[in-house]
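# Breakdown of the fold
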Amino acid sequence: QTVLWESSDEGVAFVEDGVITAKAPGGAKITARADGCSAECAVLVKPAVERVTLSTDSLTMTVGDTAALSAAADPEGDVAWLSSDEAVAGVSGGTVTAKGPGAAAVLAASGGKYAYCAVRVREAEVPVEAVSLSQTALTLKPGETAALTAVVEPESADQQVTWYSADPE
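Residues numbered from 1 in each chain as written. Predicted model: local features only at pLDDT ≥ 70, side-chain atom pairs only at ≥ 80, totals over all residues. Heavy atoms only, no water.

### Structural notes on the sheet that holds strand β14 (residues 113-122)
Our working rule: A strand pair is defined by DSSP finding two or more bridges across the two strands. Secondary structure counts use DSSP, requiring at least four H or I residues in a row for a helix and at least two E residues in a row for a strand, with both numbered from the N terminus. Angles run from 0 to 180 degrees between N-to-C directions of axes, and those axes are lines fitted to C-alpha atoms, restricted for helices to the stretch in contact.
What the four strands build is an open sheet, ordered β7-β14-β13-β10; its pairing is mixed. Of all the strands in the sheet, just β7 (58-62) and β10 (80-83) have a single pairing partner and so form its edges. Direction aside, the axes of adjacent strands within the sheet are offset by 25° on average. Direction of pairing for strand β13 (residues 102-110) relative to β14: antiparallel, over a ladder of nine bridges.

### Some points on the pattern of salt bridges
A side chain with one charge may pair with a side chain of the opposite charge, provided their charged atoms come close. To be explicit about the condition: The rule for a salt bridge is simple: a side-chain nitrogen of Lys or Arg has to be within 4 Å of a carboxyl oxygen of Asp or Glu.
Inspection of the entire model under this criterion finds four salt bridges. For D74, the salt bridge is made with R51, and the minimal N-O distance between the two is 3.2 Å. With D74 in strand β9 (residues 71-74) and R51 in strand β6 (residues 51-54), this residue pair connects regions lying 23 residues apart in the sequence. For K99, the salt bridge goes to E86, with nearest N and O atoms at 3.6 Å.

### Observations regarding the sheet that holds strand β1 (residues 4-7)
Reading across from one edge, β1-β4-β5 is the order of the three strands in this open sheet, with antiparallel pairing throughout. Whereas interior strands pair on both sides, the edge strands pair on one side only; in this sheet they are β1 and β5 (37-45). Put simply, the sheet's adjacent strands are angled 20° from each other on average, direction ignored. Of the pairings in the sheet, the one linking β1 to strand β4 (residues 26-34) comprises four bridges and is antiparallel in character. Counterpart to W5 in the pairing with β4 is A32.

### Section: the nonpolar core
As a reminder, the rule being used: Take the buried residues of types Ala, Val, Leu, Ile, Met, Phe, Trp, Tyr and Cys, join any two whose side-chain atoms come within 4.5 Å, and each joined set is a nonpolar core. Each residue is assigned to one of three classes by its accessible area relative to the maximum for its type, calculated with a 1.4 Å probe on protein chains only: buried under 20%, partly exposed between the two thresholds, exposed over 50%. Residues are treated as being in contact if the distance between any of their heavy atoms lies within 4.5 Å.
Within the largest apolar cluster, 20 residues are counted, with the highest numbers of intra-cluster contacts made by L59, M61, V96 and V119. Of all the secondary structure elements, the ones that give two or more residues to this core are β6, β7, β11 (89-92), β12 (95-98), β13 and β14. Ranked by the residues each element gives to this core, the list is headed by β14, at four residues. When residues no more than four places from it in sequence are discounted, the contact partners of V119 are L59, M61, A89, G102, A103, A104 and V106.

### Details of the side chain of S110
Here is the rule we go by: Whenever two N or O atoms come within 3.5 Å, that pair is a polar contact, provided that in protein one can donate a hydrogen and the other can accept it, and provided that, for residues adjacent in sequence, both atoms are side-chain atoms.
Mapped onto the elements, S110 comes out in strand β13. Here S110 falls in the buried class, since its relative accessible area comes to 6%. For S110, the side chain forms a polar contact with the main-chain oxygen of D78, separated by 2.7 Å. Residues in contact with S110, not counting those within four places in the same chain, are V49, V52, A73, G77, D78 and V79.

### Digging into unusual backbone geometry
Negative phi characterises most residues that are not glycine, and trans characterises most peptide bonds. Omega for the peptide link from D74 to P75 comes to -5°, which places this bond in the cis form. The topology assignment puts P75 in the loop between β9 and β10. Following E153, the chain continues to P154 via a peptide bond in cis, the omega torsion being -10°. Despite not being glycine, D17 shows a phi value in the positive range, around 55°. Inspection of the secondary structure assignment puts D17 in the loop between β2 (13-16) and β3 (19-22). Even without being a glycine, D35 presents a positive backbone phi close to 50°. Position of D35 relative to the elements: it lies in the loop between β4 and β5.

Right under this line is the structure:
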């Protein structure tokens, strides 16, 4: 069977042997004719995306946090989201979830163009719940020394201890 293909506007959509080539933004109707029968396909050619922009180009987050990014394609277009490392930062619909410590890039892409946000994720800080000393009372003579040991609870909290005396004299 011989099929005759035609476009209502070859400046928008050109067709040859059923293969449609988008030429310029606009609409066209593709028609296929064979033995007195025909079928049509409406074709919409959108303008090419020139750039994608994001609401911010960097985020610093703590494991478990979420942050919302917004993206815009110019001219208007659908935006797809992607993370360079899902174990560090996941992304869905522009919502970034900090999953583990490290660095990742979150990309917003449309029409072959993209923008990215550099995401740095740090461990959640564990608050200090208690500090105890190896001794709670000492009796010393001038010139004598004694060593105290501090224990910070829980062990996963920052173990740095700052020492001071209420009366250094």
